[in-house]
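Structure assessment
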Amino acid sequence: MKVSQLGASRCEAELRSVGIVLDIGGFGVRLISEVPEVLRELPRLYSDYEVLDPTESFVDFNVSINPPTFLRRWIRPQVQFLLDGFSPFKPLPREQAFALFEWGLNWCIANHSHRYLVIHAAVVERDGKAFVFPGMPGSGKSTLCAALVCRGWRLLSDEMAMVSLVDGLVRPVPRPISLKNASIDLVKALNETAVFSDTVRDTVKGAVGHMKAPTESVERSGECVRVHRIVFPKYRADASCDVRRLTAGETIMRLATNTFNYPVLGRLGFEALCDLGARSVGVSLEYACFDDAFRVVEALERES
Amino acid sequence: MGSWALSAVLKGASLLITCPAWVILRVFEDDGVAFDERTGDTHHLNLDAARFIAHLKGCDTDGCRITAVDDGLLLSDWGVSIEMIKDLQHAGLIESVNHLA
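Residues numbered from 1 in each chain as written. Chains lettered and ligands numbered in written order. Predicted model: local features only at pLDDT ≥ 70, side-chain atom pairs only at ≥ 80, totals over all residues. Heavy atoms only, no water.

This part takes up the domain arrangement of chain A. Residue and element names in this part refer to chain A. Here the domain parsing of chain A yields domain 1 (1-112) and domain 2 (118-304). One C-alpha centre belongs to domain 1, the other to domain 2, and the line joining them spans 25 Å. On the domain 2 side, the residues contacting the 23 residues of domain 1 number 29 residues. A buried area of about 2,100 Å², summed over both sides, lies between domain 1 and domain 2, and 60% of it is on carbon and sulfur atoms. Of all residues in domain 1, the largest losses of buried area upon contact with domain 2 belong to Leu-45, Asp-48 and Trp-103, amounting jointly to 27% of the total for that side. Our count for the domain 1 to domain 2 interface comes out at five salt bridges. Of the charged contacts in the structure, one is a salt bridge between Asp-48 and Lys-212, with a shortest N-O distance of 2.5 Å. Linking domain 1 with domain 2 are 11 residue pairs in polar contact (both at pLDDT 80 or more), by the criterion used here. A per-element tally of the side of domain 1 that touches domain 2 places helix H4 (residues 97-111) first, with eight residues. Among the residues forming the side of domain 1 that touches domain 2, the class breakdown is 11 nonpolar, five polar and seven charged. (Domains from an automatic or database assignment. Contact = heavy atoms within 4.5 Å. Buried area = accessible area lost by both parts, 1.4 Å probe. Salt bridge = Lys/Arg side-chain N within 4 Å of Asp/Glu carboxyl O. Polar contact = N/O pair within 3.5 Å; in protein donor to acceptor, adjacent residues only side chain to side chain. Helix = DSSP H or I, 4+ residues; strand = E, 2+ residues; numbered from the N terminus. Nonpolar A, V, L, I, M, F, W, Y, C, P; charged D, E, K, R; others polar.)

Written out as structure tokens, the structure is:
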């Protein structure tokens, strides 16, 4: 059963009581929350996700988003992210509750998925060719990812490339795409039918909004893909389009700095990164407008 | 031998160089990367350095003996300079640079 089939009132009732266990890219995530922002956004942005039976499924992450204390329900309301009762972050203002769920889930996956190289990157796919866009915050990877998704590319992730240590394939974990500041309206203009969360202002990242993952991407989250190209994007408003092919060594060094669990994996991680860098061409892309970026990505897609 | 002494290597002198077992190397078409399992550091190498370390790793545990052929230039077959030896030594990718002669 999907979240959309639960019905709004049952969804809210379960979130408030025992929680809902969602299948998010193969991870079982139980969410408990009574916060209005979560109760509103979850059915909107996770409507296509399967609801798992908690008695029959392994729950990887038990998450709750609730006020940290009774007083914080009413006085300058705050919310706290708890994973198995442990709070990895400081509480945030209540209006940021859904964003906190997304950020917290990123943290959970990045810190508990050592069967994979977890690269800080957006990933999209078309015709069996996955493009990985690694980048630090502000590089424009999520914006480019959202723009490509609006053009029909399949979303694998806007935040983490999960590369299997066994076969080198990317495991999709499609979730809402996090957009910031000017990117929100930019992407909204590309696809007027896409579903967006309410925009939350004054977060540490500025204004933040989430775009719902396309239904098809969620339904195909079991289909792993081989990496075709690794593109390191850099958005700069006044840049002319600049594309440079990287050597395998340069690609690996750049990937290493963007891989969350590289220090944990040691030799295994190095060898997996080398395999990835050796078989997938790395490209550095500086761009100022989507049209340039689309042209480059689609030219790279045509390469064998 | 410290890198200060490397600077004083004379033409015709021999050095014995080894690559530690904890250094893992991958050589590609244009360059290479090395991983130091002790520190967790990853190093980017130009092709000459990568091939040189690959050669060292192919030598037996006694290491590789190379001979200075000119001021600052060692073993012309490998195009390895004193500077490169120093850099690799500082990075922990080679060790036991012994002045034998």
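What follows covers the confidence of the model for chain B. Residues and elements named next belong to chain B. Confidence in the prediction of chain B, expressed as mean pLDDT, is 79, and 68% of residues score 70 or more. The element-level mean pLDDT for chain B is lowest in helix H1 (residues 3-6), coming to 52, with strand E3 (residues 31-36) highest at 97. Prediction confidence for the complex, expressed as pTM and ipTM, is 0.91 and 0.86 respectively. (pLDDT = per-residue confidence, 0-100.)

Below, the discussion takes up the nonpolar core. All names here are of chain A. In terms of nonpolar packing, the biggest core is built from 72 residues, with Tyr-46, Ile-65 and Phe-101 touching the most fellow members. In terms of residue count, the dominant contributor to this core is H4 (10 residues). When we break this core down by domain, the ones giving at least three residues each are domain 1 (1-112) and domain 2 (118-304). Counting 30 residues, the second largest nonpolar core, distinct from the first, contains Ala-121, Leu-156, Val-163 and Ile-230. (Core = buried A, V, L, I, M, F, W, Y, C linked by side-chain atoms within 4.5 Å. Buried < 20%, exposed > 50% of the residue type's maximum accessible area, 1.4 Å probe, protein only.)

Strand order in the open sheet formed by three strands is E2-E3-E4 (chain B), and the pairing between neighbours is antiparallel. Of all the strands in the sheet, the pair left with one neighbour each is strand E2 (23-27) and strand E4 (42-46) of chain B. Across the sheet, the mean angle from the axis of one strand to that of its neighbour is 20°, orientation sign disregarded. Sheet topology places E2 of chain B next to E3 of chain B; five bridges connect them, and they run antiparallel. Within E3 of chain B, the position partnered with Ile-24 of chain B by the bridge is Phe-35 of chain B. Strand contacts of helix H8 (residues 248-257) of chain A: E3 and E4 of chain B, with the helix running at about 35° to E3 of chain B, the strand carrying the most contacts. Running at roughly 5° to E2 of chain B, helix H10 (residues 267-279) of chain A makes contact with E2, E3 and E4 of chain B of the sheet. (Pairing = 2+ DSSP bridges. Axes fitted to C-alpha atoms, helices over the stretch in contact; angles between N-to-C directions.)

Before going further, it helps to examine the interface of chain A and chain B. Taken together, the 14 residues of chain A in the interface contact 12 residues of chain B. With both chains or domains summed, chain A and chain B bury close to 1,200 Å², and 73% of this area falls on carbon and sulfur atoms. Its largest share of buried area at the contact with chain B, chain A owes to Met-253, Arg-267 and Phe-270 of chain A, together 45% of the area lost on that side. At the junction of chain A with chain B, the criterion picks out two salt bridges. Between Arg-26 of chain B and Asp-275 of chain A there is a salt bridge, with its nearest N and O atoms 2.9 Å apart. Those elements giving two or more residues to the side of chain A that touches chain B turn out to be H8 and H10 of chain A. The element contributing the most residues to the side of chain A that touches chain B is H10 of chain A, with six residues. Grouping the constituent residues of the side of chain A that touches chain B by class yields seven nonpolar, three polar and four charged.

Residues and elements named next belong to chain A. One open sheet holds the three strands; their spatial order is E12-E14-E13, and the pairing between them is antiparallel. The open sheet terminates on both sides in strands that have one partner only, identified here as strand E12 (177-180) and strand E13 (200-203). Neighbouring strand axes in the sheet, compared pairwise and without regard to direction, differ in orientation by 35° on average. Summarising the sheet, E13 and strand E14 (residues 206-211) pair through two bridges and their orientation is antiparallel. Opposite Thr-203, over in E14, you have Gly-206 as the bridge partner.

So, about the side chain of Thr-251 of chain A. Structurally, Thr-251 of chain A can be placed in helix H8. For Thr-251 of chain A, a relative accessible area of 0% gives the class buried.

Moving on, we get to the confidence of the model for chain A. The predicted model of chain A has a mean per-residue pLDDT of 94, with 100% of residues at 70 or higher. Least confident of the elements in chain A is E13 of chain A, whose mean pLDDT is 92; most confident is strand E9 (residues 154-157) of chain A, at 98.

To continue, consider the environment of Leu-22 of chain A. Residues and elements named next belong to chain A. Note that Leu-22 resides in strand E1 (residues 20-24). Exposure remark for Leu-22: the relative accessible area of 0% places this residue in the buried category. Here the alpha-carbon distance between Leu-22 and Pro-172, two residues 150 residues apart in the chain, equals 15 Å. If we ignore the near neighbours within four places in the chain, the residues touching Leu-22 are Val-3, Phe-27, Gly-28, Val-29, Leu-42, Tyr-46, Tyr-49, Glu-50, Val-51 and Leu-52.

Going through the model one piece at a time under the given rule, you end up with 13 aromatic pairs over all chains. Ring centres of Phe-270 of chain A and Phe-35 of chain B lie 5.2 Å apart, and the angle between their planes is 15°; on these two criteria the pair is classed as stacked. Of the two residues, Phe-270 of chain A is situated in helix H10 and Phe-35 of chain B in strand E3; the pairing between them involves two chains. Side by side, Phe-270 of chain A and Phe-35 of chain B carry an identical accessibility label, which is buried. The ring of Phe-196 of chain A has Lys-188 of chain A sitting right over it, with the charged end atom 5.4 Å from the ring centre. The cationic tip of Arg-254 of chain A hangs over the ring face of Phe-232 of chain A; the distance from NZ or CZ to the ring centre is 5.2 Å. (Phe/Tyr/Trp six-rings, centres within 6.5 Å; stacked < 30°, edge-to-face > 60°. Lys NZ or Arg CZ within 6 Å of the ring centre and 35° of its normal.)

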